[in-house]
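The primary structure of each chain is shown beneath.
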Amino acid sequence: MKILSTKEMLKRAQKEGYAVPAFNIHNLETLQVVVDTANELKSPVILAGTPSTLVYAGGDYIVSMAEVASKKYDIPIAIHLDHYEDVEDIKHYIDLGFKSTMIDGSHLSYEDNINIVKDVVDYAHRFDATVEAELGRLGGQEDDLVVDEKDAMYTNPAQAKEFVDKTGIDSLAIAIGTAHGLYKGEARLDFDRLKEIREAVDVPLVLHGASDVPDYLVKKAISLGICKVNIATDLKIPFSDALKKYFSENPKSNDPRKYMAPAKESMKKVVAHKIEVCGSKNRY
Ligand code: 13P
């Protein structure tokens, strides 16, 4: 298979009532863990990279690694630009081979958000790439993107319909109480709002900030119409914790092939678990 957009995979998820997991990856090892595990469980999968990840790893390396994975495995694989705010950056990465992008104009006024999203939709659709946009605003931290709790804002269902109609986006990221990173208490999700948004718009809905949210809440959100679940922090923690443990037990170690192994193994368990929670196993 070749690298896909998220169009068909999210449409099918929406129709059949599950979600496709979008895992944030950072390098060869994290990408390998995600695609290998998704392949074992026969799950469609989205590899997401934030702006700082693509600067760090190189967009061309990410595209090439994803191409290798999509030739090797017959599961649907998409690579997705996560939380991009710069239109020129997005165009550059679409030219490089990304078939899915988020344009995050959630910090802008409603009108400016619509305008920037339309710009990206016009460009992306010429290359069969799909576009996700965010209405409302999530709190918390996702790499370089930091949003104070007081600036977080829930999605308005009526506005969501107008936003989708005016922009022509393929999927909508909504703010219903999740936040990027870890929570202070248990996450509280506004399911009534989710239901209203689901009734108002017909595009697939995206849940950002799914780390540290109890499984039963994520499953309920999926049952009410979420079709893409974004996970970053819950993967970073086990990976780095396993590395720290390995080095504390093997202070003289200097072989990446040895110290990366337990980190990959720890992350793999979480990836497999999230695929189960999303209900995307065997949906390839
Ligand atoms: P978490 O780090 O909370 O999992 O959020 C991930 C995310 O929403 C990426 O866009």
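Preceding this paragraph is the structure being described.
Only a predicted model underlies this, so the values are computations on that prediction, with no experimental measurement involved.

All right, on to the packing of aromatic side chains then. Evaluation of the coordinates by the stated rule reveals six aromatic pairs. Between F247 and Y259 the ring centres are 4.8 Å apart and the planes differ by 45°, which places this aromatic pair in the tilted class. Taken together, the positions of F247 in helix α10 (residues 233-249) and Y259 in helix α11 (residues 256-278) put the pair 12 residues apart, joining distant regions of the chain. Residue class for F247 comes out partly exposed when judged on its relative accessible area of 31%. Overall, Y259 belongs to the buried group, its relative accessible area being 19%. Within the aromatic cluster, the residues linked to one another by ring pairs are Y84, Y93 and F98. A cation over a ring is seen here: K42 above Y284, with NZ or CZ 5.5 Å from the ring centre.

Here the focus is the pattern of salt bridges. Tallied over the entire structure, the rule returns 16 salt bridges. Taking the shortest distance from any N to any O, the salt bridge between D170 and K7 comes out at 3.0 Å. Note that D170 is positioned in the loop between α7 (157-167) and β8 (171-174) and K7 in helix α1 (residues 7-16), a separation of 163 residues in sequence. Using a relative accessible area of 11% as the deciding quantity, one classes D170 as buried. Taking the relative accessible area as the measure of exposure, K7 reaches 36% and is therefore partly exposed.

A word on the pairing of strand β11 (residues 226-231). Along β11, six of the six residues are buried, which leaves the element largely enclosed by surrounding structure. Across four bridges, strand β1 (residues 20-24) lies against β11 in parallel orientation. In the strand pairing of β11, F23 is matched with I231. Sheet topology note: the strand β10 (residues 205-207)/β11 ladder contains three bridges and is parallel. By the bridge assignment, L207 is partnered in β11 with V229.

Definitions and cut-offs
Residues numbered from 1 in each chain as written. Predicted model: local features only at pLDDT ≥ 70, side-chain atom pairs only at ≥ 80, totals over all residues. Heavy atoms only, no water. Phe/Tyr/Trp six-rings, centres within 6.5 Å; stacked < 30°, edge-to-face > 60°. Helix = DSSP H or I, 4+ residues; strand = E, 2+ residues; numbered from the N terminus. Buried < 20%, exposed > 50% of the residue type's maximum accessible area, 1.4 Å probe, protein only. Lys NZ or Arg CZ within 6 Å of the ring centre and 35° of its normal. Salt bridge = Lys/Arg side-chain N within 4 Å of Asp/Glu carboxyl O. Pairing = 2+ DSSP bridges.

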